[in-house]
Amino acid sequence: MTDALPLTGTRILASEQYGAGPYGTMFLAQLGAEVIKIEPPKGGDSARGAGPFYLGENDSLFYQTFNLNKRSLTLDLRVAEGQAIFRKLVTTAHAVTNNARGDLPAKLGLTYDALKDINPAITCVHASAYGRAGERASWPGYDYLAQAEAGFMSVTGAPEDPPTRFGLSMVDFMTGTMLATATLAGLMEARATGIGRDWDISLLDAALHQTSYPALWYLNEGFVTGRAPRSAHPSVTPSQTFRTADGWVFVMAQLPKFWAILADAIGAPHLKDDARFATIPARLENREALTVILDGIFLQHPTAYWVVGLGGKLPVAPVFAIDQALDNPRVADMIDTVTHADKPDGLRILANPIKRDGARLPNRASPKLGADTDAILGEIGLDAQDIAELRAAGTV
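Residues numbered from 1 in each chain as written. Predicted model: local features only at pLDDT ≥ 70, side-chain atom pairs only at ≥ 80, totals over all residues. Heavy atoms only, no water.

Peer 1: Give a detailed account of the overall build of the chain, specifying residues and quantitative values.
Peer 2: In terms of regular secondary structure, the chain is built from 16 helices and 13 strands. Its C-alpha atoms give the chain principal-axis dimensions of roughly 85 × 50 × 45 Å. Taken across its 396 residues, the chain has 44% of its residues classed as buried. A sequence separation of at least 24 residues applies to 66% of the contacts in the chain between residues at least 6 apart. For the chain, the exposed surface amounts to about 19,800 Å²; the carbon and sulfur share of it is 58%. For the chain, the separation between the mean place of its 35 positive charges and that of its 43 negative charges on side chains is 2 Å. (Helix = DSSP H or I, 4+ residues; strand = E, 2+ residues; numbered from the N terminus. Buried < 20%, exposed > 50% of the residue type's maximum accessible area, 1.4 Å probe, protein only. Contact = heavy atoms within 4.5 Å. Areas by Shrake-Rupley, 256 points an atom, 1.4 Å probe, with all protein chains shown as cover. Lys, Arg positive; Asp, Glu negative; His and termini not counted. Charge placed at Lys NZ, Arg CZ, Asp CG, Glu CD.)

Peer 1: Run through the sheet that holds strand β9 (residues 316-318), naming residues and quoting values.
Peer 2: Spatially, β7-β8-β9 is the arrangement adopted by the three strands of the open sheet, whose pairing is antiparallel. Every interior strand has two partners, whereas the edge strands, β7 (239-243) and β9, have only one. Strand-to-strand twist of the sheet, defined as the mean angle between neighbouring strand axes without regard to direction, takes the value 20 degrees. Note: strand β8 (residues 248-252) against β9, three bridges, orientation antiparallel. Looking across to β9, one finds that Val-249 is bridged to Pro-318. Packed onto the sheet, helix α13 (residues 303-310) meets β8 and β9 and runs at close to 155 degrees relative to β9. (Pairing = 2+ DSSP bridges. Axes fitted to C-alpha atoms, helices over the stretch in contact; angles between N-to-C directions.)

Peer 1: Residues and numbers for a nonpolar patch on the surface, please.
Peer 2: A contiguous nonpolar patch, built from Leu-216, Tyr-218, Leu-219 and Val-224 and spanning about 470 Å² of accessible area, is present on the exposed surface. Relative to the elements of secondary structure, Leu-216 occurs in helix α9 (residues 212-221). (Patch = residues over 30% accessible without salt bridge, like charges linked within 9 Å, V, L, I, M, F, W, Y side chains within 5 Å. Salt bridge = Lys/Arg side-chain N within 4 Å of Asp/Glu carboxyl O.)

Peer 1: Any chance you could break down the packing of aromatic side chains for me, citing the residues and the numbers?
Peer 2: Across all of its chains, the model carries 14 aromatic pairs by this definition. Ring plane angle 90 degrees and centroid distance 5.0 Å describe the contact between Tyr-305 and Trp-306, whose orientation is recorded as edge-to-face. Tyr-305 sits in the partly exposed class, given a relative accessible area of 43%. Look at Trp-306 and you get buried, because its relative accessible area is 5%. (Phe/Tyr/Trp six-rings, centres within 6.5 Å; stacked < 30°, edge-to-face > 60°.)

Peer 1: Explain the sheet that holds strand β6 (residues 198-202) to me, and be specific about the residues and the numbers.
Peer 2: Across the sheet, which stays open at both edges, the six strands sit in the order β3-β2-β1-β4-β5-β6 with parallel pairing between neighbours. The open sheet terminates on both sides in strands that have one partner only, identified here as β3 (71-74) and β6. On average, adjacent strands in this sheet sit at an angle of 20 degrees to one another, irrespective of strand direction. Across the face of the sheet, helix α1 (residues 20-30) comes into contact with β1 (11-15), β2 (34-39) and β4 (95-98) while running at roughly 150 degrees to β2. Against the sheet, helix α3 (residues 80-90) touches β1, β2, β3 and β4, its axis set at about 150 degrees to β1.

The following block contains the structure:
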C-alpha cells in the first residue's frame, strides 16, 4: 500500500480563469495531479482581482477558493514565443484543460488537433459557455446566464418572487466537476490506447442536465414544474421549511413511514387519520392547510429542540445562515488551515469533500501569480538568461 495520492505523476496544463475550470482542476490537484495553471503575465486569472477581500497583490479570497494545490506559470499564449513554450510543456503533460470562450481553444492551440502531432496521447478538455461549435461559440457566458436559460430561475424562490437565481454559482461548480470527470475519463482512455481526444462540456449543457426529473416530467408528460411555497418538494408534502420559535427547520416526510413518525413525534397522531392528510396525493392537495397546522406546532419550540427531537427518526435539518453553517461543530473537519504569506495566522479554507481512508485530502494555498514560472521553465531546459529575455518581452 502507498500513501501517494492517486493522480500523483499526472501533469495537467490548465489555461483557466474565474470559476468553472479552476474549480474542476482543483479537485484533480487535491487528488495528487500536478496542475500547472497558465495565466496571462499581466494580472493573471481574473479571479485574482475579484473582491471584496484581497491578500496582497494579485491575490484574493475569491481566487484562493478555486486554486488550491496548483502551480502558477505566467505565459502569453497569443504570441509565437508563448506557443513554443506551451507546446514544449505539452510533450511532458497528460492533459490540457481550459474554460475559455468557445472560439478561443482553436485560436490558442489548445485542441487535440493542434497538439496531437507532438503528443498523440494528450487529453484536451474544454469547458465553455455554449460549446465550441455553432453560432454562439464566440459568446461570453457566465453561471448566472446558464441558470436563467436552463430554467433554474423559474423553480427557485417563492411563487410570488420574480425570477430568482441560486444564491451560489452552482452551474460553475457542476461544470467544473464534469470537467474533472471528463479529464479522468480521458486520461484512462489515453493510457489504455495511447490516443487522446477532445472532450467538451458547456455551462448551458451542464445546467440543462441538472433539470433532471422535472425535465423528464415535461418531456414525457408536458408537466411544467414551477415554484412551491416554503422551498417545498414539488410532489411530496410535508417536505419543506417550517417556522420555529427562533427560526426555521426543514422537515422531509418523503415516505409514508416518515409521515406517520412525524405525526407521532410532534404530538399530533390524529393527523394520520385526517382524510385531508391520509395519503401523499391528499397531503399535496391540502398542503396549505397542513402547513398552517404544522407551523402552529413547530412555533412552540426553537429549531434546536426539533432537530434533537426528530433527528435520526426522519429527515430533518436546521435552516442555517452561512455563519451558522460554518460554525457548526459537526462539520469542523470541513475547515482546513493552510500557510499563506499574507495571513500570518494561516488562511482558513474549505477542505475537499472527498475522504480517502476516512481522512481529508491535503491542501496548500493557491499560488501567487507566476510563483512557479522560473522552476517550470527550468524543467523544460530554459536557463536564467532565456527566462530573463522572455520576461523582458512580456511573454512570461
